[in-house]
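Residue strings, one per chain:
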Amino acid sequence: MGGKLLYEGKAKKIFETGHPYEVEVYFKDDATAFNGAKKGQINSKGILNNAISSLFFELLEANGVKSHYLKRIDERSMLVKKLKIIQIEVVVRNIAAGSLSKRIGWPEGKALPSPVVEFYYKDDDLGDPLINDYHVAAMGLATPEELAWLAAESLRVNAILRDHLLARKVKLVDFKLEFGKSDEELLLGDEISPDTCRFWDSETNLRLDKDRFRRDMGGVEEAYQEMYDRLKG
Ligand code: UDP
């Protein structure tokens, strides 16, 4: 579309469009982990994450979850509503893994009896620290009503994605969501992809997500492709 570059993040670029309330999200192949300490490239990641995120946003929309997603423009870009991003990352977990396993000592793969919602302060310089509702209130990141809505909406997203994925033989271990405001309306934003979720094969627990890059497990591009194939199925 060729509009002015508004912002460049670790995995995406945001471009202006001809419309003041819409922006183009361009998905790069760049991959980072550990708050940018590990850098690399995953071939075709941008194409696959754009396609996977588009499918998830369309699935969510069909189930009544409102997001910034408008349409997929081309291989690497989607058109979205421009959001004023809330500086909270919402993580939902169904199975212990990653930072939760370290924090509470539960081995990776141990099922959580009920989903766990966590909030992180979206600040790269601080390494996105874990926060709670008191921090959110004290820091003025969201009102209590907004925070309650973010948690409830994230759990709703979890239920929809979990069932959809299980039917495709994938366990939804955990994932991260971001939200923002468009004209005072709260909408789901960002992306939903193997960069932001943990996906495990439901029979073998084979990892089909960015942990393959974070942990140098190999087969990274193949895992992203496999996720796309199962979703497209
Ligand atoms: N996550 C993310 N961005 C972040 C941190 C986490 O998308 O900045 C996702 C991650 O892919 C996983 C979930 O959130 O699906 C939980 O991540 P965790 O807290 O276990 O952190 P990690 O072990 O990845 O550092």
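See the structure printed just above.
Described in the following lines is the structure provided in the data block.

What counts and what doesn't
- Residues numbered from 1 in each chain as written.
- Predicted model: local features only at pLDDT ≥ 70, side-chain atom pairs only at ≥ 80, totals over all residues.
- Heavy atoms only, no water.
- Helix = DSSP H or I, 4+ residues; strand = E, 2+ residues; numbered from the N terminus.
- Rg over C-alpha atoms; globule rule 2.2 N^0.38 Å.
- Buried < 20%, exposed > 50% of the residue type's maximum accessible area, 1.4 Å probe, protein only.
- Contact = heavy atoms within 4.5 Å.
- Areas by Shrake-Rupley, 256 points an atom, 1.4 Å probe, with all protein chains shown as cover.
- Lys, Arg positive; Asp, Glu negative; His and termini not counted.
- Charge placed at Lys NZ, Arg CZ, Asp CG, Glu CD.
- Core = buried A, V, L, I, M, F, W, Y, C linked by side-chain atoms within 4.5 Å.
- Axes fitted to C-alpha atoms, helices over the stretch in contact; angles between N-to-C directions.
- Parallel < 35°, antiparallel > 145°, perpendicular 65-115°, else oblique.
- Left-handed = near helix turned anticlockwise from the far one by under 90°.
- Nonpolar A, V, L, I, M, F, W, Y, C, P; charged D, E, K, R; others polar.

## A closer look at the overall build of the protein
Working step 1: Scanning the protein for helices and strands turns up 6 helices and 13 strands.
Working step 2: Against the globule reference of 17 Å for 233 residues, the protein gives a C-alpha radius of gyration of 17 Å, in line with a compact fold.
Working step 3: When each of the 233 residues of the protein is scored for burial, the buried share is 50%.
Working step 4: When contacts within the protein are restricted to residue pairs at least 6 apart in sequence, those whose partners lie at least 24 apart make up 57%.
Working step 5: Carbon and sulfur atoms form 51% of the exposed surface of the protein, whose accessible area is close to 11400 Å².
Working step 6: Across the protein, the centroid of the 35 positively charged side chains sits 2 Å from that of the 39 negatively charged ones.

## Quick word on the nonpolar core
Working step 1: Within the largest apolar cluster, 51 residues are counted, with the highest numbers of intra-cluster contacts made by Phe56, Ile88, Leu161, Leu165, Leu188, Ile192 and Phe199.
Working step 2: Per element, the largest residue contribution to this core is 7 residues, and it comes from helix α4 (residues 144–166).
Working step 3: Apart from the residues within four sequence positions on either side, leucine 161 is in contact with Phe56, Leu59, Leu60, Leu172 and Ile192.

## Here's the deal with the packing of helix α1 (residues 45–62) against helix α6 (residues 220–232)
Working step 1: Contact pair α1 / α6: the axes reach a minimum separation of 10 Å and the direction vectors enclose 30°. Comparing their axes, α6 and α1 come out roughly parallel. Crossing angle aside, the handedness with which α1 passes α6 is left-handed. In this structure, α1 contributes Lys45, Leu48, Asn49, Ala51, Ile52, Leu55 and Phe56 to the contact, and α6 contributes Glu221, Tyr224, Gln225, Met227, Tyr228, Leu231 and Lys232.
Working step 2: Considered class by class, the residues forming the contact of α1 with α6 number 9 nonpolar, 2 polar and 3 charged.

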